[in-house]
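Observations on the three-dimensional arrangement
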Amino acid sequence: MSDFPCIGAIYPNDAWVDADVQRLIDEFRCFLPEGVEMMTAGTMVPNEETSAEQGIWLAENGDIEEAARRMMRYSPDCFAYFCTTASFVRGMGFDEEISDRMTRATGRPATTTSTAMVKALKSLGVGRVALASPYMPDVEAAFVAFLEGHGFEVVNSIALNLSGDHSIVPPERIRGAAEEADRPEAEAVFVGCTGQRLGRLLDDMEARLGKPVLSANQVTVWHALQLVGCEPVVAGRGSLFAAQPLSA
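Now for a quick tour of the structure. (Residues numbered from 1 in each chain as written. Predicted model: local features only at pLDDT ≥ 70, side-chain atom pairs only at ≥ 80, totals over all residues. Heavy atoms only, no water.)

Overview of the overall build of the protein chain
For clarity, the threshold we go by: The helix count covers DSSP runs of H or I at least four residues long, the strand count covers runs of E at least two residues long, and both are numbered beginning at the N terminus. The globule rule used here is 2.2 Å times the number of residues to the 0.38 power, and the radius of gyration it is set against is calculated over C-alpha atoms. Relative accessibility decides the category of a residue: with a 1.4 Å probe and only protein chains considered, values under 20% of the type maximum give buried, values over 50% give exposed, and everything between is partly exposed. The contact definition used throughout considers only heavy atoms, calling two residues in contact when any of these lie within 4.5 Å. Every accessible area reported is derived by Shrake-Rupley at a probe size of 1.4 Å, with residue values counting cover from the shown protein chains alone. Asp and Glu count as negative and Lys and Arg as positive, but His and the ends of the chain are not part of the count. Lys charges are placed at NZ, Arg charges at CZ, Asp charges at CG and Glu charges at CD.
Looking only at helices and strands, one finds 10 helices and eight strands in the protein chain. Expected size for 248 residues packed as a compact globule is a radius of gyration near 18 Å; at 16 Å, the protein chain falls within 12% of this value. In terms of overall dimensions, the protein chain has C-alpha extents of about 50 × 40 × 35 Å along its principal axes. Looking at the protein chain as a whole, 58% of its 248 residues qualify as buried. Here the contacts in the protein chain between residues at least 6 apart in sequence split such that 74% fall between residues at least 24 apart. Total accessible area on the protein chain is roughly 10,000 Å²; 49% of this is exposed by carbon and sulfur atoms. For the protein chain, the distance from the average position of its 20 positive side-chain charges to the average position of its 35 negative side-chain charges is 2 Å.

The structure is reproduced here in structure tokens:
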């Protein structure tokens, strides 16, 4: 076993093809500071429309905690569920219910993308946010409702209304949606869906928009790092990963 802290990342695998999956995992890992490791496990995603109903099924079918149990042979220090939709679609509090299930299954601390999203926005003092995502309308409505339930004002929202293949959306396409979603009154832009690969573009996007730009993968790793006691500081990964006090 390694002496380095290790994050156990669980994600719904809608990429299927090994090259696409590897690009997705590389995106998760691009936020890791030196000396932190990550292992990953994908759960099956049916070849169906990426609806709110599918998100509920992903959240409730038991695959998340089973993946965590199986990963325990490698003793990760915490678990992170990399899926925005499945962690917000049932409403406030159900993101933490997923974390609690992973913790009960393993005895390790855990987080989800939606939990991390709320914590990250609050850590930056954001109250008004613009959203971009690949989501269908029913999922986007649940996305907005979840954030509003946590006290954020969603000033604009642009969804690509894609019925599938979220993990292979070209980065420039979702970047365009994020920049189009921005409004002067927005204090930050958040890009939903852990299939979106924007990690190496965040600094440039922030320079262009003049405000923080956060992505689903970025915030998930940010909170997981705190759970393992590591400061989330990595150059070139957006203002969230700039030097700042550690706060779990």
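Let's talk about a nonpolar patch on the surface
For clarity, the threshold we go by: Within this analysis, patches are made of residues with over 30% relative accessible area and no salt bridge. Like charges are joined at 9 Å or less; nonpolar side chains (Val, Leu, Ile, Met, Phe, Trp, Tyr) at 5 Å or less. The rule for a salt bridge is simple: a side-chain nitrogen of Lys or Arg has to be within 4 Å of a carboxyl oxygen of Asp or Glu.
Among the surface-exposed residues, Trp16, Val17, Met44 and Trp57 lie close enough to one another that they form a single nonpolar patch of about 450 Å² accessible area. Tracing the backbone through its elements, the reader meets valine 17 in the loop between β1 (6-13) and α1 (18-29).

Points about the state of the cysteines
Where two cysteines share a covalent bond between their sulfur atoms, that bond is called a disulfide. Basically, it comes down to this: Cysteine sulfur atoms that come within 2.5 Å of each other are treated as a disulfide pair.
Across all of its chains, the model carries zero disulfides by this definition. Considering cysteine sulfurs only, cysteine 83 is the nearest to cysteine 193, which forms no disulfide, with 7.2 Å between them. A relative accessible area of 9% places cysteine 193 in the buried class.

Section: the sheet that holds strand β8 (residues 213-215)
In a beta sheet, neighbouring strands are held together by backbone hydrogen bonds and run either parallel or antiparallel to one another. Under the convention used in this document: Note on pairing: two strands pair once DSSP finds at least 2 bridges between them. Lines are fitted to the C-alpha atoms to define the axes, a helix being fitted only along its stretch in contact, and any angle between axes, read from their N-to-C directions, falls within 0 to 180 degrees.
Across the sheet, four strands lie side by side as β6-β5-β7-β8; this open sheet has parallel pairing. Of all the strands in the sheet, the pair left with one neighbour each is β6 (153-159) and β8. Strand after strand, the sheet turns through a mean of 20° between neighbouring axes, direction not considered. Note that strand β7 (residues 188-191) and β8 share three bridges and pair parallel. By the bridge assignment, valine 191 is partnered in β8 with serine 215. In the packing of helix α10 (residues 216-227) onto the sheet, contacts are made with β7 and β8, and the angle to β8 comes to roughly 80°.

So, the packing of helix α3 (residues 63-71) against helix α5 (residues 94-106)
For clarity, the threshold we go by: Each helix crossing is assigned a hand: it is left-handed if the near helix lies turned anticlockwise from the far helix by less than a right angle, otherwise right-handed if that turn is clockwise.
Contact pair α3 / α5: the axes reach a minimum separation of 9 Å and the direction vectors enclose 35°. The interaxial crossing formed by α3 with α5 has right-handed handedness. Here α3 contributes Ile64, Glu65, Ala68 and Arg69 to the contact with α5, which in turn contributes Ile98, Arg101, Met102, Ala105 and Thr106.

Brief notes about the sheet that holds strand β3 (residues 78-81)
Strand order in this open sheet of four strands is β2-β1-β3-β4, and the pairing throughout is parallel. One side of each edge strand has no neighbouring strand; the edge strands of this open sheet are β2 (37-44) and β4 (110-112). For this sheet the average axis-to-axis angle between neighbouring strands, irrespective of direction, equals 20°. Alignment of β3 against β4, held across three bridges, turns out to be parallel. Counted as the bridge partner of phenylalanine 79 is alanine 110 from β4. The strands touched by α3 within the sheet are β1, β2 and β3, with β2 carrying the most contacts at an inclination of about 140°. Against the sheet, helix α6 (residues 113-123) engages β3 and β4, with an angle of about 80° to β4.

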